[in-house]
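A structural walkthrough
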Amino acid sequence: MDNKVNAVKLLVTGGAGYIGSHTVASLLTNGHDVTILDDLSNSTASSIRGIEQVSGRSPHLVVGDIRDGECLDRILRGGDFGGVLHFAGLKAVGESVRHPARYYSVNVGGSIELLAAMRRHNVRRLVFSSSATVYDTEAEMPLQESSPSGHPGHAYGRSKQMVEQILTDEVGSDPSLAVAVLRYFNPVGAHPEAALGEAPTGTPNNLVPYIAQVAAGIRPYLEVYGGDYPTPDGTGMRDYVHVMDLARGHVLALDFLCAHGGLHKWNLGAGRAYSVLEVVKAFELARGQQIPYRITGRRPGDAASYWADVGKAARELRWTPQYTLEDMVRHAWAWQQVLARRV
Ligand code: NAD
Ligand code: UD1
């Protein structure tokens, strides 16, 4: 599946985290050399062992903060970096409502520091982790890259919109920059060998990790947030995309930037939506056991349903998602069992 391309020396911020670690493994498999900068605030060095296990190669890990310009200088001074993949950031929507300044500092301030360091060391390619949260989810479906922006009710979403704007302005001022903005829909699943995955601390915010903990007996039941949406079964519908497909999307986006300048935006989703109850049913099949759930009130801020048009990524990157919902929940469940053995 992975093809070797011209090897590039890369900096991957947040590369010890969930999506970053899968992407680093893919980059190494494709022959690239990777330095990870991660402060391990939401990950552990154990993901480096997982990366080594699945790729047979080692990234170089620097433990540090993306807002530390001197640290960035020490890394980039080594020279010859062909690009940066920028995953580092804070991502919990509810926490961003309670601590907005922290979110702007890390997500926006960190991106500005990174861009300044890239300028100092003449690094010209950047792949940025954005989110479907930038869209107006009341817009016509499926969402295209040109669909209207929304007004996210939280600092997390606004921080992604701000960084997208900053990147647009930077490319406008410096045509030698090449930037890929990847708008992920709902990343789920884990590495098929169960060597890498998401390891939420505390109560998971997102659906699939929560179901996995119910399946493992850590939590008694799933609260389904709303059963009265205008959807076929009344529960919210989202576009779930396997983290391995996302990882491949990054490798292809980087290849694209090696051949094209300018700023490019791509949706990375499955291109279809599943309801909460469809995800529960898929998990029950993978687990071979029922998942207890109770339908409760809607979660404030949740949209009924949205999904991506992924035609632009298919045309320009030759990226189409390969994993099914069944794969996503089967791999999430296998990974949950690995996590349970670690405790
Ligand atoms: P994650 O928390 O697993 O990974 C982020 C990594 O960044 C972690 O390893 C964390 O330790 C590190 N980090 C945080 N602050 C840092 C700092 N100041 N300096 C250095 N490292 C720092 O999250 P993820 O799910 O892998 O998400 C990666 C990116 O994708 C984030 O920017 C996130 O906003 C974005 N994104 C994620 C989702 C999702 O559902 N997971 C959806 C859309 C967009
Ligand atoms: C959430 C964030 C979004 C972020 C994305 C990252 C909110 C409002 N949105 O999206 O900004 O980019 O995560 O993946 O937090 N659900 C339940 N019970 C649960 C958890 C979720 O019923 O315990 C439902 C939700 O109502 C939703 C679906 O499951 O319909 C998916 O929820 P979730 O995984 O949290 O993702 P989003 O809300 O789509």
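Burial analysis of strand E4 (residues 81-86) places six of its six residues in the buried class, the great majority of the element. Of the pairings in the sheet, the one linking strand E1 (residues 9-13) to E4 comprises five bridges and is parallel in character. Residue pairing for E4: Leu11 is matched across the bridge by Val84. Here E4 pairs with strand E5 (residues 125-131) via three bridges, running parallel. Its bridge partner lying in E5, His86 is registered against Phe128.

For helix H2 (residues 46-55), a buried count of seven out of ten residues is recorded, marking the element as mostly surrounded by other parts of the structure. The set of residues buried in H2 consists of Ser46, Ser47, Ile48, Gly50, Ile51, Val54 and Ser55. Against helix H1 (18-29), strand E2 (33-38), strand E3 (60-63) and helix H11 (325-342) lie the buried residues of H2. Gly56, located one to two residues past H2, shows a positive phi value of around 70 degrees.

If you walk through the whole model with that rule in mind, you get four aromatic pairs. Relative to Trp333, the ring of Phe283 lies with its centre 6.2 Å away and its plane at 70 degrees, an arrangement referred to as edge-to-face. A residue pair is termed long-range when its members are at least 10 positions apart, and Phe283 in helix H9 (residues 276-287) and Trp333 in helix H11 qualify at 50 residues. Given a relative accessible area of 0%, Phe283 falls into the buried group. Accessibility expressed as a relative area gives 10% for Trp333, which makes it buried.

Moving on to the sheet that holds E4. Strand pairing in a sheet is mediated by backbone hydrogen bonds. Such pairs are either parallel or antiparallel. Spatial ordering of the open sheet is given by E3-E2-E1-E4-E5-E6-E11, a layout of seven strands whose pairing is parallel. Whereas interior strands pair on both sides, the edge strands pair on one side only; in this sheet they are E3 and strand E11 (262-268). Across the sheet, the mean angle from the axis of one strand to that of its neighbour is 20 degrees, orientation sign disregarded.

What follows covers the pattern of salt bridges. This structure, assessed with the given rule, holds 15 salt bridges. Close ionic contact of Asp65 with Arg67 constitutes a salt bridge, the shortest N to O distance being 2.7 Å. Overall, Asp65 belongs to the partly exposed group, its relative accessible area being 23%. Relative accessible area serves as the criterion here: at 34%, Arg67 is assigned to the partly exposed category.

For the rest of this paragraph, the subject is the site of ligand 2. Taken together, 20 residues lie around ligand 2, and Glu223, Tyr225, Arg238, Arg299 and Asp302 are the ones closest in. Within the side chain of Thr133, a nitrogen or oxygen atom sits 3.4 Å from an oxygen atom of ligand 2. Asp302 places a polar side-chain atom, nitrogen or oxygen, 2.6 Å from an oxygen atom of ligand 2. Its free accessible area being 740 Å², ligand 2 has 89% of it covered by the protein chains. Broken down by secondary-structure element, the contributors of at least two residues to the shell around ligand 2 are strand E7 (186-188) and strand E8 (222-225). No other element matches E8, which puts four residues into the shell around ligand 2. When its residues are assigned to classes, the shell around ligand 2 shows ten nonpolar, six polar and four charged.

Criteria and cut-off values
- Residues numbered from 1 in each chain as written.
- Chains lettered and ligands numbered in written order.
- Predicted model: local features only at pLDDT ≥ 70, side-chain atom pairs only at ≥ 80, totals over all residues.
- Heavy atoms only, no water.
- Buried < 20%, exposed > 50% of the residue type's maximum accessible area, 1.4 Å probe, protein only.
- Helix = DSSP H or I, 4+ residues; strand = E, 2+ residues; numbered from the N terminus.
- Pairing = 2+ DSSP bridges.
- Contact = heavy atoms within 4.5 Å.
- Phe/Tyr/Trp six-rings, centres within 6.5 Å; stacked < 30°, edge-to-face > 60°.
- Axes fitted to C-alpha atoms, helices over the stretch in contact; angles between N-to-C directions.
- Salt bridge = Lys/Arg side-chain N within 4 Å of Asp/Glu carboxyl O.
- Near = heavy atom within 4 Å.
- Polar contact = N/O pair within 3.5 Å; in protein donor to acceptor, adjacent residues only side chain to side chain.
- Areas by Shrake-Rupley, 256 points an atom, 1.4 Å probe, with all protein chains shown as cover.
- Nonpolar A, V, L, I, M, F, W, Y, C, P; charged D, E, K, R; others polar.

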